[in-house]
Amino acid sequence: GLLAGFGGQTALNLAMTLDEQGVLDQLGVRLLGVNKDSIKKAEDREAFKQLMEEIGEPIPPSTIATSLKECRDFVAQEGFPVIIRPAYTLGGTGGGIATNSEELELMAKKGMESSSIGQILLEKSVAGWKEIEFEVMRDSKDNCIIICSMENLDPVGVHTGDSIVVAPVQTLRDAEYQMLRNAALKIIRSLHIEGGCNIQYALDPHSMDYIVIEVNPRVSRSSALASKAAGYPIAKIAAKIAIGFRLDELKNYVTKTTSACFEPTIDYCVVKFPKWPFDKFRTASRRLGTQMKATGEVMSIDRTFESALLKAVTSLEVKCDGLRVPYVTGLSTERLMKKIEDCDDERIFCLAEAMRRGKTVKELNEITAIDPWFLDKLMGIVEMENALRTREIDAEFLAEVEKRGFTDSEILELSGIPREALQDMRIYHDIFPVYKVVDTCGGEFDAATPYYYSCFDSEDESQVSDKKKILVVGSGPIRIGQGIEFDYCCVQGVWAIKELGYEAIIINNNPETVSTDFDTSDKLYFEALHIDDVMNVVKKERPYGVILQFGGQTSLNLAEKLSGRSIRILGTANRYIDMAEDREKFLALLEELGIPYPAGTAVTNEEEAFRAVEALGYPVVVRPSFVIGGRGMQVVYEDTELKKYLKEAVAISADHPILIDKYIQGQEIEVDAIGDGEDVLIPGIMEHIERTGIHSGDSISVYPPFRVSPALKAQLADYTERIARALHIVGLVNIQYAYDGEKLYVIEVNPRASRTVPILSKVTRVPMISLAVAAMLGQKLKDLGYGTGLYPEAEEYAVKVPVFSSAKLTDVDVALGPEMRSTGEVLGIDRDLDKALYKGFLAANMKIPVAGGVFVALRDSEKTPETAAVIQKYEKAGIALYASHGTAAFLQACGIKNEEITFDRARAMVGEGIDCIVNVPRVGNIRESEGFATRRRAIEWGVPVLTCIDTADAFITAIGLRQAGARLEYNLLKL
């Protein structure tokens with residue numbers, strides 16, 4: 001059997017391809033849960049349309065198109081706007097709303113390119129209608145239940161992944177709800193799906209008219225949200241149904257006594273709020289549409305919509321006080337209303353600000369089509385803000401404010417009262433949150449699984465045991481620089497804690513993660529990772545200790561605040577965390593240890609910056625102080641670039657200095673280690689393919705290192721051990737080094753889990769998190785069976801290749817640099833390094849050409865013999881070379897044949913003669929530049945763009961293997 005319904009669109013597409021090619025029949029394998037007919041009827045737009053017509057379910061006027069002529073003919077009949085939905089794609093990839101002929105041509109062509117069968121659906125837009133989702137479950141005996149109903153705060157026109165979503169639905173009358181519920185049951189039965197299914201509707205807010213937007217015949221992003229919102233493990237139940245169980249044979253995993261054949265009762269409100277990457281992509285269009293742009297999301301649970309919304313905003317970790325954002329409050333009214341009309345990621349904050357300026361619910365409903373119920377609730381929050389600012393707070397009023405979801409910090413900021421006065425009122429009236437349990441049945445049956453959320457109510461349902469407890473702080477929403485790898489660490493940590501006999505508690509707010517599965521830990525608190533919320537859990541549970549190392553920078557940022565409140569932080573002590581993160585203290589430590597680091601200084605104005613550069617010499621690395629994920633960091637090669645950076649990139653001052661360091665050009669090497677305060681274990685060393693200056697998260701990394709000599713490995717181990725001992729590391733530490741061919745430099749130290757911990761744990765078979773937990777709880781590494789020092793290398797190579805969301809984010813450059821841009825990564829594993837590289841590129845969905853052409857454009861500093869040697873490999877592989885004016889002359893001088901073309905011509909040839917771009921720009925992200933336009937064009941048409949010559953060197957290796965495979969296939973066909 002093959003389960004294809006759990007791996008998103010990728011899994012469904014693979015399953016269909018295997019079936020079409022006869023592989024499944026040949027091997028005697030059958031699809032379970034969702035069969036090929038179900039997939040075809042739900043995913044193929046023509047088959048879906050036909051099915052909906054057969055069962056009498058309404059769909060918008062639409063047509064299936066595989067050519068631009070068919071698109072033009074449809075628009076001539078139906079008019080604009082139209083929605084373009086490619087078949088067999090994920091997250092709205094390649095789709096959009098076309099409002100004119102030019103947009104139609106571009107989007108339709110991209111949509112057909114994005115679809116694995118070259119097919120798009122053009123449908124008449126119903127933008128402005130309500131968007132409603134139902135999560136449905138069915139078994140082989142035709143038992144059907146609704147797990148959860150969800151309502152998008154944003155109307156149709158914004159992808160559900162980019163919309164604020166509320167569960168259960170809030171604004172439907174019972175007649176509307178029952179109408180859509182019945183339709184959902186009819187649809188899943190007609191598709192014969194055995195397992196979970198997500199159905200999306202558009203509902204006219206002024207009538208009972210609705211249409212079926214689409215059906216996902218698999219578990220989806222919405223399924224994860226519905227599982228956490230309802231306390232119903234959709235994927236687990238769907239898997240059991242797929243192998244033959246019926247719903248009435250399965251148990252409710254929360255109550256442990258009742259049947260799984262029931263519809264959950266939700267006596268609370270859930271809000272999902274997307275997390276967007278626009279802090280990293282400052283030039284990207286922030287407008288939201290049918291193509292998803294969010295990288296992650298948070299979820300909150302509370303008794304009312306208002307408090308759930310504010311709790312979700314707190315969980316986002318953005319600079320705000322409730323719905324007040326400094327940038328938004330500073331906008332002119334004209335600009336504010338334009339942002340609301342454009343519908344961007346800050347619209348909820350803009351709506352609140354518009355209400356502060358006197359705009360009415362009716363006015364805002366006319367502009368946004370957001371239901372007046374939601375706007376009324378926002379107005380209530382704004383009115384409460386005003387009350388905080390204008391009246392004296394007493395304990396009774398404070399209790400009401402707390403119920404609405406305002407945190408301590410927001411109350412203090414909005415009211416201006418002293419913290420001590422607030423604490424006195426709290427103590428006197430005992431205004432602390434209570435914890436309610438998610439029980440799936442509205443309190444009708446007892447829940448056996450402790451899955452809690454906080455609220456201000458009279459009855460506390462949480463049970464506190466006498467066992468020794470350890471609290472693990474999670475990592476919050478997935479965002480660039482902090483992804484699913486930290487959830488891996490949290491989950492492995494929880495399991496290790498349980499194995500050692502402690503009660504494991506986790507606090508987190510991300511519905512996409514395993515850490516927020518209610519059966520992963522002994523107790524789950526679904527809460528914001530704000531100091532107030534974490535302290536409330538600590539006060540409730542009184543844990544033996546708190547682990548912050550596994551949640552990335554989010555949890556580590558709590559170290560100082562928690563240690564100041566006499567909380568036992570397990571692992572490296574806060575004073576040593578501070579020593580690693582404070583630049584001056586850390587450099588003093590390295591000086592004391594005699595370990596080299598790049599020379600540099602902090603500057604507070606332009607004059608100091610140029611003096612520093614004169615002393616250091618170009619190139620230099622410039623960045624704001626205290627950055628995460630390389631934000632705002634750049635390698636600068638000349639005065640004009642430095643002047644531009646100082647003027648545009650940062651607000652430089654005595655309070656906000658920038659750091660200028662000498663750029664060490666060479667190999668970047670990363671080491672993860674575990675310490676117990678005395679001994680150090682180094683599971684592995686990872687070498688980056690790209691030279692220093694490319695963020696480690698965006699680099700291709702290789703384990704074990706293949707260009708690092710035994711002497712250098714010994715030096716890396718020596719430096720790592722000395723630093724770990726000096727910082728009294730207990731648990732995990734990540735150290736990044738640069739090697740210029742002569743000297744080894746320390747770039748930075750992170751006294752926490754890193755994004756490479758899951759990779760090294762998997763390829764070395766060293767259970768890094770288990771060992772780290774044991775060390776935190778007092779055990780010694782030498783007694784744990786894996787030794788100390790540098791661990792023996794594995795026999796196979798593992799190559800990590802980053803994955804980017806550049807196609808989803810328009811106006812975003814793909815040029816790599818010190819600021820991280822990747823949203824994920826894949827791993828290629830093989831005993832042969834070249835094959836591991838090839839697998840990595842393939843897994844990252846990069847099109848590896850067999851022939852065709854490459855366009856090359858290089859900045860002057862890259863016109864070296866080493867670069868020429870790399871480009872020559874493309875020539876020898878039979879790849880046609882095209883080059884920009886200066887690069888063409890350079891290649892010609894090196895004896896490499898090429899054709900000089902303009903950037904305009906290169907853009908026209910993308911995908912039609914040019915199958916790869918090798919473009920190393922002088923400075924990235926300049927939207928007016930020819931290079932930027934060319935790179936964007938390539939990304940939009942799925943053509944690989946390589947902005948570092950080292951990546952180009954690795955990629956030609958993959959091309960060589962692909963060519964060898966093609967030759968072998970040709971010879972076999974001849975035979």
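In what follows, the structure referred to is the one given above.
These numbers come from a predicted model, not from an experiment.

Student: For this particular structure, what's the right way to read the pattern of salt bridges?
Tutor: If charged atoms from side chains of opposite charge come close, those side chains can pair. Applying the stated criterion across every chain, the model contains 56 salt bridges. With a shortest N-O distance of 3.2 Å, Arg246 and Asp248 are connected by a salt bridge. Taken together, the shared-partner salt bridges in this structure form one network comprising Arg286, Lys339, Asp344, Asp345 and Glu346.

Student: I keep staring at a nonpolar patch on the surface and nothing clicks. Help me out?
Tutor: Taken together, Leu968, Leu972 and Leu975 make up a surface patch of nonpolar side chains, about 390 Å² in accessible area. Its place among the elements puts Leu975 in the segment after helix 35 (949-974).

Student: What's the story with helix 35 in this structure? I'm lost.
Tutor: Because an α-helix packs 3.6 residues into every turn, residues spaced three or four apart end up facing the same way. Here helix 35 spans 37 Å end to end across 26 residues, near enough to the 38 Å set by a 1.5 Å rise per residue. Considered for burial, the residues of helix 35 that qualify are Ile949, Asp950, Thr951, Ala952, Ala954, Phe955, Ile956, Ala958, Ile959 and Gln963. Buried residues along helix 35 sit against helix 30 (833-843), strand 33 (853-858), helix 31 (865-876), strand 36 (916-920) and strand 37 (945-946).

Student: Explain a positive patch on the surface to me, please; I cannot follow it from the model alone.
Tutor: A surface patch of positive charge is lined by Arg419, Lys539, Arg542, Lys561 and Arg565. Structurally, Arg565 is set in the loop between helix 22 (559-563) and strand 20 (569-570). In this structure Arg565 comes out as partly exposed when scored by relative accessible area, which is 39%.

Student: Teacher, can you tell me more about the pairing of strand 31 (residues 797-803) here?
Tutor: The buried count for strand 31 comes to five of seven residues, which makes it a mostly enclosed element. Both strand 27 (residues 701-703) and strand 31 contribute to a ladder of three bridges, which runs antiparallel. Bridged to Val702 within strand 31 is Val799. Looking at chain direction, strand 31 and strand 32 (residues 824-830) are connected through seven bridges and run antiparallel. Residue Ala798 lies in a different strand from strand 32, and its bridge partner there is Ile829.

Student: Just checking my understanding: could you explain the packing of helix 15 (residues 372-390) against helix 17 (residues 408-415) for this structure?
Tutor: Helix packing for two helices is described by the angle between their axes and how far apart those axes are. One can describe the packing of helix 15 onto helix 17 by two numbers: an axis separation of 7 Å at closest approach and a directional angle of 60°. Between helix 15 and helix 17, the angle is such that the two are oblique. When helix 15 is examined against helix 17, the residues Glu385, Leu388 and Arg389 are found in contact with a partner set consisting of Ile411, Leu414 and Ser415. Across the contact of helix 15 with helix 17, the residue classes break down as three nonpolar, one polar and two charged.

The rules we used
Residues numbered from 1 in each chain as written. Predicted model: local features only at pLDDT ≥ 70, side-chain atom pairs only at ≥ 80, totals over all residues. Heavy atoms only, no water. Salt bridge = Lys/Arg side-chain N within 4 Å of Asp/Glu carboxyl O. Patch = residues over 30% accessible without salt bridge, like charges linked within 9 Å, V, L, I, M, F, W, Y side chains within 5 Å. Areas by Shrake-Rupley, 256 points an atom, 1.4 Å probe, with all protein chains shown as cover. Helix = DSSP H or I, 4+ residues; strand = E, 2+ residues; numbered from the N terminus. Expected span 1.5 Å × (residues − 1). Buried < 20%, exposed > 50% of the residue type's maximum accessible area, 1.4 Å probe, protein only. Contact = heavy atoms within 4.5 Å. Lys, Arg positive; Asp, Glu negative; His and termini not counted. Charge placed at Lys NZ, Arg CZ, Asp CG, Glu CD. Pairing = 2+ DSSP bridges. Axes fitted to C-alpha atoms, helices over the stretch in contact; angles between N-to-C directions. Parallel < 35°, antiparallel > 145°, perpendicular 65-115°, else oblique. Nonpolar A, V, L, I, M, F, W, Y, C, P; charged D, E, K, R; others polar.

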